[in-house]
Amino acid sequence: MTTAQSAPPPSMRLRELAFGAACAAALRAAARLGVADALGDAPMPVEDIAAAVKTEPRPLRRLMRALSCYGVFTERPDGTFEHTDVSRLLREDDPNSLRAITLWCTEPWTWDAWPLLDEAVRTGDNVVEGLYGKEFFPYLNEDAPESADVFNRAMTTSSVQSARDVAEFLDLSGSASVADIGGGQGHVVASLLDKYPTMHGTLLDLPRVVENAVPRLLPGGDLADRARVVPGDVRTAVPVKADVYVIKNILEWDDESTARTLRNVSEAGGPGTRVVVIENLVDDTPSMRFSTAMDLLLLLNVGGAKHTTRSMVDRLTEAGLVIDDISPVNPYLHAFDCRVSG
């Protein structure tokens, strides 16, 4: 029987960390093969799982045994395997599925980039441009369409899941309008319009992004009469007037782009306007291992960074915002509730 292991001595812990790529590769293999989808609610012999996912039983047992050491699946004394709360998140049909995000974090380009982390640390520059001869997103969309599709699905999954938490967290009572700045497909603004039936909302993002806005916000959708979809680059201008501006997970660029975005929002809203900035942090959070890993990945692919509480406070105050409150939205997001000074 194989189960998750207790804390090993330091020498073994370092060995395990050095082999961390094996765990990531095993997760990717299980996700691509659909192992979690094939495993039902009752324990199953590996032979039945292998038949369902069209693999050889013996190597599949090795894969599932390795993942069981990390709490992904459980191997029972009789040799059958069963789900854990972690492995269920690899299922495509789980309402909280992280399958797409698991694939995104282990896409082929990541295996090219991670070995060059020392170079990125030495120079402070991203390494993707040197690897592929172009910036990350042009590379993704032009040369790696499958990875681009995985990225889009992962971002949609993340947005849908976090939008529920953001809408539940935010109290916008007394506000007539909200604008989601750089809001992707509009999951946050849709969730807020659901919560506040008389509120009007605006989604602002790049033209190619808002073309794929959630249908509910578009003409014919059930929220269309209270929603406005505006194409534009938030770093250039924010042509939107609202009582509250929400800025979620887009302030990971260079400092100049972040400053321009915040300045544009402040100018659009005017003195006293409420601005809620929601970000992952690399300090004071239960998700430190995840957030710091994403921080390093941003260094590798686009030269960006996740924020500490201090760095986020500095950026906001430099942009002329007064911070009234800082609170956790969920284990991996924090909200900075601000207003434009004046």
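Here the structure is shown first, and the text comes after it.
The notes below deal with the structure included here. (Residues numbered from 1 in each chain as written. Predicted model: local features only at pLDDT ≥ 70, side-chain atom pairs only at ≥ 80, totals over all residues. Heavy atoms only, no water.)

Points about the pairing of strand 6 (residues 244-248)
Put simply, the test is: Burial classes: relative accessible area under 20% of the type maximum marks a residue as buried, over 50% as exposed, and values in between as partly exposed (1.4 Å probe, protein chains only). Strands here mean DSSP runs of E at least two residues long; helices mean DSSP runs of H or I at least four residues long; both are numbered from the N terminus. Strands are treated as partners if at least two bridges between them are detected by DSSP. With the strands pointing away from the viewer, any crossover whose connection runs clockwise from the first strand over the helix to the second is right-handed.
With five of its five residues buried, strand 6 lies for the most part within the structure. In this structure, strand 3 (residues 177-181) lies alongside strand 6, joined through four bridges in parallel fashion. When the sheet's bridge partners are listed, D180 is paired in strand 6 with V246. As defined by bridge partners, strand 6 adjoins strand 7 (residues 274-279) across five bridges and the pair is classed as parallel. Counted as the bridge partner of K248 is I278 from strand 7. For the handedness criterion, the β-α-β arrangement of strand 6, helix 14 (residues 255-269) and strand 7 is classed as right-handed.

Section: the pairing of strand 4 (residues 200-205)
Across the six residues of strand 4, five count as buried, placing the element largely inside the fold. Strand direction decides the pairing type here: strand 4 and strand 5 (residues 227-231), joined by five bridges, are parallel. Pairing of L203 across the sheet is with V229, part of strand 5.

Brief notes about the packing of aromatic side chains
We apply this condition: Whether two aromatic rings pair depends on their centres lying within 6.5 Å, for rings of Phe, Tyr and Trp, where Trp uses its six-membered ring; planes under 30 degrees apart make the pair stacked, over 60 edge-to-face, and the rest tilted.
What the rule picks out here adds up to seven aromatic pairs. In textbook terms, an aromatic cluster arises when at least three aromatic residues are bridged by ring pairs, as seen for W104, W109, F136, F137 and F151.

Some points on helix 5 (residues 57-68)
So the rule is basically this: Expected helix span is given by 1.5 Å per residue-to-residue step, counting one fewer step than there are residues. The reported arc concerns the directions from the helix axis to the C-beta atoms and nothing else. Here, two residues are considered to be in contact whenever any of their heavy atoms come within 4.5 Å of each other.
Here helix 5 is twelve residues long and its end C-alpha atoms lie 16 Å apart, about the 16 Å a rise of 1.5 Å per residue gives. Along helix 5, the residues that are buried comprise L60, L63, M64, L67 and S68. Taken around the axis of helix 5, the buried residues stretch over an arc of 135 degrees, which confines them to a single face. Residues of helix 5 that are exposed and angled more than 90 degrees away from the buried face: R58 and R62. Contact partners of the buried residues in helix 5: helix 2 (20-33), helix 3 (35-38), helix 4 (46-53), strand 1 (74-75) and strand 2 (81-82).

Details of the state of the cysteines
Rules: Defined by distance alone, a disulfide is two cysteine sulfur atoms within 2.5 Å.
Evaluation of the coordinates by the stated rule reveals zero disulfides. Sulfur of C23: no disulfide; nearest cysteine sulfur belongs to C69 and is 9.6 Å away. By relative accessible area, which is 17% here, C23 ends up buried.

Examining helix 14
With 15 residues, helix 14 ought to run about 21 Å at 1.5 Å a step, and its terminal C-alpha atoms sit 21 Å apart, in line with that. Within the sequence span of helix 14, burial applies to S257, T258, T261, L262, N264, V265, S266, A268 and G269. Those residues of helix 14 hidden inside the fold are in contact with strand 3, strand 6, strand 7, helix 16 (309-318), strand 8 (321-330) and strand 9 (333-340). The positive-phi residue at the C-terminal boundary of helix 14 is G270, with phi of around 90 degrees.

What about the sheet that holds strand 7?
Let me state the cut-off plainly: An axis is simply a line fitted to the C-alpha atoms; with a helix, the fit covers only the stretch in contact. Between two such axes, the angle follows the N-to-C directions and lies from 0 to 180 degrees.
Ordered by their spatial adjacency, seven strands build an open sheet running 5-4-3-6-7-9-8, and the pairing between neighbours is mixed. Of all strands in the sheet, those with a lone pairing partner are strand 5 and strand 8, marking the two edges. Geometrically, the sheet is characterised by an average inter-axis angle of 20 degrees between neighbouring strands, direction not taken into account. Across eight bridges, strand 8 lies against strand 9 in antiparallel orientation.

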